[in-house]
Amino acid sequence: MDFQLTEEQREFKHIVHDFVFKELRPMARHTDETGEFNWTAVKKMGPMGLLGLEVPEKYGGAELDAISVAIAVEELGWGCASTALAVAAHNGLALGPIVNFGSEALKEQWLPDLATGRGKLGCLSLTEPGAGSDLQGGVRTTAVVEGDSWIIDGAKMWMTNASISDVMVVLCRTDQAGGSHSLSHILVPSDTPGITIGAPEKKMGLKGSPTHAVTFDEVRVPLENVVGEVGRGLQQTLATLDSGRVGIGALALGIGQAAYEEAIKYAEERQTFGKTIAHHQAIQWMLADAATELQAARLMVYWAAWLRGWGRPYTQEAAMAKLFATEVSERVCRNAIQIHGGYGYSSEFEVERMYRDTRLMTIGEGTSEIQRLVIARHILNL
Amino acid sequence: MKVVVCIKQTPSTTAVLTVDDSGHVSWDDPGGKPNILNPWDEYSIEEGVRLKENHGASDVIALTVGPDESKNALKTCLAMGCTQAELVTDPSFEGSDTVGTARILAAAINNIGDVDIALFGKQAIDGDTGLTPVQTARKLGWTPLTFVSAIKEIGDGQITVERLVDDGKETVTASLPVVINVVKEINEPRYPSLMGIRKANRANIPELGAADLSIDGGVGSAASKVDWSHIYAIPPREGSCEIIEADSVEEQARLLADKLFEEKVI
Ligand SMILES: Cc1cc2nc3c(=O)[nH]c(=O)nc-3n(C[C@H](O)[C@H](O)[C@H](O)COP(=O)(O)OP(=O)(O)OC[C@H]3O[C@@H](n4cnc5c(N)ncnc54)[C@H](O)[C@@H]3O)c2cc1C
């Protein structure tokens, strides 16, 4: 057993932390208030390798191990959850399927620009107005073969990054008969005629991460744009979500860590009844619980990432890590506001934004209920 | 074209300098951050890497004189894009003043050979003297170009740079080889890349000592002209605060202005 990061992982952490400290954190409030995507910082992430975390070096990526990826996403979340979500979705959800299942031609065509920041970002489009948790039964977007092309029709919802993307990996029904082999991933350049990207959704938090409804009206792409095998879309999605869940767990952990640090800072400054509130036991207990739960969450996230790195089964552990880390993050942010008292409810203080931002983490990439369902299926062999 | 960038490892920017009653100095980071590449040197490293990218420099060699731990700062330079790094270290170098360090750097630069440009940062955040670049130029017998804010042109054995001087900017041309120290206006340093870190960890960083560079004297604490006999903490500054009360802001401003004239502040 070894609970230490390797020297290289520690160095990565320092570099990403330093970058986030200088480029993301100071802009987080502006990003939230204006909803402007922080392109300035994201463009600088390209040459650093942060836009191609798991992309092989030969396509310009950083080719990191799974734990380093979790560390990077946690650090990004610590600085600005909006930007972190965009970057995590780009890496895990969009590039993930291309790297893991895509043809050599697709990799060569798309990865070098997407992984280095020369291009824009990528997105993964699963959810539809009638399909969220239940993709197999719910997806209505279709792709049919016509000559040497796919023709895609349908409507997608909640597409993170759509307006700031070069490509979308779209989950389409390619077999009308239905069933677990009726879906496929198709790579669609975002500027293909027939695509309409809706206005950014108005959200409770993560306002600097644009989310859109997107419609596809006779959108034509070459047959070669299928990512992986035709009919394997659901299986590829589930595999992508397994790693995405470790990522969301890490992101939530970063937000929770930031809120915890703000809470400590405030508790050591604010005085009531002749002493700093850090001297009141009620506050101490909230902080002690936060420290403990964050530590446990971090171990679970690293553990799931470690299993993934070794190619071992980790679906259950990823679900557990996501479930626990996101719920811990929400609790820690909630209590960070409590510790700030009235000021915590004011947008003048960072914890208010963190609470709104972390709220998504128990929903996106599989709700907490779906994580419990995944865990229960594993432990009960259902 | 061969470029050497002379760098130094320094305490982190958040490290706190303390001096105890017996004159013992410590310079530790409260958050436990490790020592870093001197922030001013990030600009010279960036400029060196740009000389490779834009002016076809074949080698950009990061060079430092310091303890073994300084290798970490050299790794940062490699991760930012330097082609090689070299550590110069020897027990006899300890306690060198800036002239001693310049002597060692000059010997190391001569040892590398065929160097056209030696880049430096403006100063190091620990000693803050800013003396080493010119002293190294003197030891090498090369032209020093100080406070450079842009490298305009390199060709035909000449270099043209823009210098940031007190009353404006000055464009000067000199024959290579030259020693340059850069100001922060020259560029925006890139962040080290994750790929670069991995490469840096695998890189072999050669170590050279006094014997390798045929340095015999003129270095180390014995040769130092700087006297550290009395080190003490800066006494806290005494000050007082006066709040000007008046019925209106205008009246307050008038009283404040009077006061400032009286104290000869304005
Ligand atoms: C900010 C944001 C960004 C997003 N980004 C993306 C993206 O980039 N790409 C993408 O494809 N999607 C994205 N989504 C969509 C997200 O993944 C879905 O919202 C999520 O999977 C839940 O689906 P749903 O909204 O349809 O909820 P539903 O599936 O309708 O769920 C509603 C409720 O029922 C519960 N529930 C559903 N099924 C069960 C069950 N079997 N047992 C018990 N409870 C159940 C759920 O837990 C939830 O509480 C994003 C969403 C948001 C808000």
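Definitions and limits used
Residues numbered from 1 in each chain as written. Chains lettered and ligands numbered in written order. Predicted model: local features only at pLDDT ≥ 70, side-chain atom pairs only at ≥ 80, totals over all residues. Near = placed C-beta within 6 Å. Helix = DSSP H or I, 4+ residues; strand = E, 2+ residues; numbered from the N terminus. Nonpolar A, V, L, I, M, F, W, Y, C, P; charged D, E, K, R; others polar. Domains from an automatic or database assignment. Contact = placed C-beta atoms within 7 Å. Axes fitted to C-alpha atoms, helices over the stretch in contact; angles between N-to-C directions. Parallel < 35°, antiparallel > 145°, perpendicular 65-115°, else oblique. Left-handed = near helix turned anticlockwise from the far one by under 90°. Buried ≥ 20, exposed ≤ 12 C-beta atoms within 10 Å, placed from the backbone.

Chemist: Go over the site of the ligand with me, naming the residues and quoting the values.
Modeler: Residue and element names in this part refer to chain A. Neighbouring the ligand are 23 residues, the closest being Leu 126, Gly 132, Ser 133, Thr 367 and Glu 369. Breaking the shell around the ligand down by element, the ones donating at least two residues are strand E1 (121-125), strand E3 (149-160) and helix H12 (368-379). Along the lines of polarity and charge, the residues of the shell around the ligand split into 11 nonpolar, 9 polar and 3 charged. Residue assignment places the shell around the ligand across two domains, with domain 2 (123-232) and domain 3 (234-379) each supplying three or more.

Chemist: Summarise the domain arrangement of chain A; cite the residues concerned and give the values.
Modeler: Residue and element names in this part refer to chain A. Assigned domains of chain A: these are domain 1 (7-121), domain 2 (123-232) and domain 3 (234-379). One C-alpha centre belongs to domain 1, the other to domain 2, and the line joining them spans 22 Å. With 28 residues of domain 1 at the interface, the matching set in domain 2 holds 20 residues. At 12 residues, the largest contribution of residues to the side of domain 1 that touches domain 2 is made by helix H5 (residues 81-101). For the side of domain 1 that touches domain 2, the per-class residue count stands at 16 nonpolar, 9 polar and 3 charged.

Chemist: Let's hear about the interface of chain A and chain B: which residues, and what values?
Modeler: Each side of the interface is counted separately: chain A has 12 residues, and chain B has 9 residues. Secondary-structure elements contributing two or more residues to the side of chain A that touches chain B are helix H1 (7-24) and helix H3 (39-48) of chain A. By residue class, the composition of the side of chain A that touches chain B is 7 nonpolar, 1 polar and 4 charged.

Chemist: Go over the packing of helix H2 (residues 71-80) of chain B against helix H5 (residues 194-202) of chain B with me, naming the residues and quoting the values.
Modeler: All names here are of chain B. In contact at an axis separation of 7 Å, H2 and H5 are set at 130 degrees when each is read in the N-to-C sense. Classified by the angle between their axes, H2 and H5 sit oblique to one another. Our pair here, H2 against H5, has a crossing hand that is right-handed. Along its contact with H2, which presents Lys 75, Leu 78, Ala 79 and Met 80, the element H5 presents Gly 196, Ile 197, Lys 199, Ala 200 and Asn 201.

Chemist: Outline unusual backbone geometry, supporting the account with residue identities and numerical values.
Modeler: Along the chain, Leu 176 of chain B connects to Pro 177 of chain B via a cis peptide bond; the corresponding omega equals 0 degrees. Residue placement: Pro 177 of chain B occurs in the loop between strand E11 (168-175) and strand E12 (178-182). Its identity as a non-glycine residue notwithstanding, Glu 218 of chain A has a phi of 50 degrees, on the positive side. Looking at where Glu 218 of chain A falls in the secondary structure, it is placed in strand E7 (residues 211-222). Taking the number of C-beta atoms within 10 Å as the measure of exposure, Glu 218 of chain A has 10 and is therefore exposed. Positive phi outside glycine occurs at Asp 156 of chain B, with the angle close to 50 degrees.

Chemist: Any chance you could break down helix H4 (residues 132-140) of chain B for me, citing the residues and the numbers?
Modeler: Residue and element names in this part refer to chain B. Across the 9 residues that make up H4, a large majority, 7, are buried. For H4, every residue scored as buried is listed here: Thr 132, Pro 133, Gln 135, Thr 136, Ala 137, Lys 139 and Leu 140. Here the buried face of H4 lies against helix H3 (98-112), strand E8 (117-120), strand E9 (143-155) and E12. Taken from the residues just after H4, Gly 141 is the one with a positive phi, measuring 80 degrees.

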